[in-house]
There are 2 protein chains.
Amino acid sequence: MSEQRNQQPDPGLLSINTATVRQQWTLDKIIDGCARHDIRGISPWRDQTQALGLKETARRIRSHQLTVTGYCRGGMFPAATEQLRQANNDDNRRAVDEALELNAQCLVLVVGGLPESSKDLYQARMQVRDGLATLLEYSRSVSMPLAIEPLHPMYAADRACINTLEQANDLCDELGDDGLGIAVDLYHTWWDPKFSSQIKRAGKSRLLAFHICDWLAPTQDLLLDRGMMGDGVIDIRAARWAVEAEGYRGFHEVEIFSARNWWLRDGDDVLSICKQRHLDCC
Amino acid sequence: MSEQRNQQPDPGLLSINTATVRQQWTLDKIIDGCARHDIRGISPWRDQTQALGLKETARRIRSHQLTVTGYCRGGMFPAATEQLRQANNDDNRRAVDEALELNAQCLVLVVGGLPESSKDLYQARMQVRDGLATLLEYSRSVSMPLAIEPLHPMYAADRACINTLEQANDLCDELGDDGLGIAVDLYHTWWDPKFSSQIKRAGKSRLLAFHICDWLAPTQDLLLDRGMMGDGVIDIRAARWAVEAEGYRGFHEVEIFSARNWWLRDGDDVLSICKQRHLDCC
């Protein structure tokens, strides 16, 4: 096995999810920052592209020849009323269009949690399936891959009721692999006892994105206390080998929400440290 | 189905995990409080019984004829050194002895997370299996059931690397059902996409304890922001029906860690509200 494994990752495969420095910089500065640090991948959020303008965002990203490793985000399928569900569907189609304009490799889906005042997680999951099926009709027609991102179970109520790689694989089985796959974010999946077997089950065709950061122990906040690679307990390198063993050759996208640490630092310092830690710890 | 389901739970099956009012009262006062409120079950923690004295605790619980629905807690199996592992094993045997003295229905196991400076979750899980096998030799010889409590994945690093009912069932399969089962705590397991099927798989013989509280949305703290039944998103009644469908007839143990709310209230008020919410929401 060992000869097949690259001890260090290809530095050209580092990508920055723009949430990582969103408190320091606006999107135009983040794009420039990535180019300045010779980081070749970027994954922007919708609110940021709307602020900068979609066409202007696309122009700036193209001018630096950055790869858009994913567009954040679509999803939020479950809704309490048919009207809300329809509005979500419409918004998701717009997200697909924006992802196309940006030439993104995929639209990342945070699928949504329980609808207002509902306690029916099973029903929410059925709504995710149905909403996804509807969106797929459109996304397939325009060839924009959708990446289901299983979120950590601590977000099951309010962000995503797809919480394991197994659920994501089950959805791919049910809805068909064409234009549908998985965004594997280690923050959300590192604890999963079936991580290895479900990565294997997903295989190269379903592995559309690979997101990295670290799980701090202890974690101080459910949302905004993600760690820099190497500062926590995730065996990121082993996880990279697992996806590479299936043939994944895509980017390694750093996504760190950190209100108490990384968002308070100089943006250039953060990107420099991301590059170094990517090499040393991933 | 519906005629087999009791809409409201038997109020005689309410139990109070002593953590629920541990900031207000010492253990002797909690025991008196349960008796005063006609709550027939109690589940004390080791630090509390040590403070009150084990024999004195047993005497007071007996004098009120309370059922000890579980003893909190043993476990913490993974360790960085053989010496630490041996110390844990010794401590776990003492926990079994204490549970016997209290005539507890089971010793609840929080199995432990990653050893110091380890990132190897697989290895930690193997250490859990091995430590559990060792402890079972003793617990079986004295007929004290061990209840594996799967903890929410947000505790995988530092508290328990057994995070799903499926893992717990797998351990029971591997180590044998005799004197081994599962403590189903809804706070930890409500999100699990396999909740129903794994409760079914566990069946009556493995269902040793049923812990209730609620998941608040949003949750403000990873440890100390559990909700009172009815204040969150868990469908507690559906979960009770699920365990009852397998033949579970044991207690419903309320365990609420709540630094910002319930620990700040009058202990009698908390117990009164537990009783009411048990009837209304469980």
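Structure: above.
Everything quoted here is computed from the prediction, not taken from an experiment. (Residues numbered from 1 in each chain as written. Chains lettered and ligands numbered in written order. Predicted model: local features only at pLDDT ≥ 70, side-chain atom pairs only at ≥ 80, totals over all residues. Heavy atoms only, no water.)

(A) Looking closely at the pairing of strand β5 (residues 107-110) of chain A. Residue and element names in this part refer to chain A. Here β5 shows a buried face lined by Leu107 and Leu109 and a second buried face lined by Val108 and Val110. Traced from strand β4 (residues 71-75) through helix α4 (residues 82-101) to β5, the parallel crossover comes out right-handed. Two elements, β5 and strand β6 (residues 146-148), share three bridges in a ladder whose sense is parallel. If you follow Leu107 over to β6, its bridge partner there is Leu146. After leaving β5, the chain enters helix α5 (residues 121-141) and then returns to the sheet as β6, a path that is right-handed. (Buried < 20%, exposed > 50% of the residue type's maximum accessible area, 1.4 Å probe, protein only. Helix = DSSP H or I, 4+ residues; strand = E, 2+ residues; numbered from the N terminus. Right-handed = clockwise from strand over helix to strand, strands pointing away. Pairing = 2+ DSSP bridges.)

(B) Broad picture of the sheet that holds strand β8 (residues 207-212) of chain A. All names here are of chain A. With parallel pairing, nine strands are arranged side by side in an open sheet as β3-β2-β1-β9-β8-β7-β6-β5-β4. If you trace the sheet from one side to the other, it starts and ends with β3 (67-68) and β4, each paired once. Along the sheet, helix α9 (residues 236-245) makes contact with β8 and β9 (252-254), crossing β8 at roughly 170 degrees. The sheet strands contacting helix α10 (residues 267-281) are β1 (14-17), β8 and β9, and the helix crosses β1 at an angle near 140 degrees. (Contact = heavy atoms within 4.5 Å. Axes fitted to C-alpha atoms, helices over the stretch in contact; angles between N-to-C directions.)

(C) Molecular detail of the side chain of His211(A). All names here are of chain A. Secondary-structure assignment places His211 in strand β8. Within polar-contact distance, the side chain of His211 engages the side chain of Glu255 at 3.5 Å. Beyond its immediate sequence surroundings of up to four residues, His211 is in contact with Val108, Glu149, Ala183, Val184, Asp185, Leu186, Glu253 and Glu255. (Polar contact = N/O pair within 3.5 Å; in protein donor to acceptor, adjacent residues only side chain to side chain.)

(D) Quick peek at α5(A). All names here are of chain A. End to end, α5 covers 30 Å across 21 residues, agreeing with the expected 30 Å (1.5 Å per residue, within 8%). Along α5, the sharpest kink reaches roughly 30 degrees, centred on Leu135. Of the residues making up α5, those classed as buried are Leu121, Ala124, Arg125, Gln127, Val128, Gly131, Leu132, Leu135, Leu136, Tyr138 and Ser139. Here the buried face of α5 lies against α4, β5, β6, α6 (165-175) and β7 (180-185). Where α5 begins, the capping side chain belongs to Asp120, and its oxygen is found 3.3 Å from the backbone nitrogen of Tyr122. (Expected span 1.5 Å × (residues − 1). Bend = angle between axes of the 7 residues up to and from the residue.)

(E) Up close: the side chain of Arg237(A). Residues and elements named next belong to chain A. With respect to the helices and strands, Arg237 occurs in helix α9. Within the buried core, Arg237 has no salt-bridge partner, and the shortest N-O distance to an opposite charge, that of Asp280, equals 6.4 Å. For Arg237, the side chain forms a polar contact with the main-chain oxygen of Gln7, separated by 2.8 Å. Leave out the neighbours within four places in its chain, and Arg237 touches Gln7, Gln8, Pro9, Leu279, Asp280, Cys281 and Cys282. (Lys, Arg positive; Asp, Glu negative; His and termini not counted. Salt bridge = Lys/Arg side-chain N within 4 Å of Asp/Glu carboxyl O.)

Nothing here speaks to function; it is all geometry.
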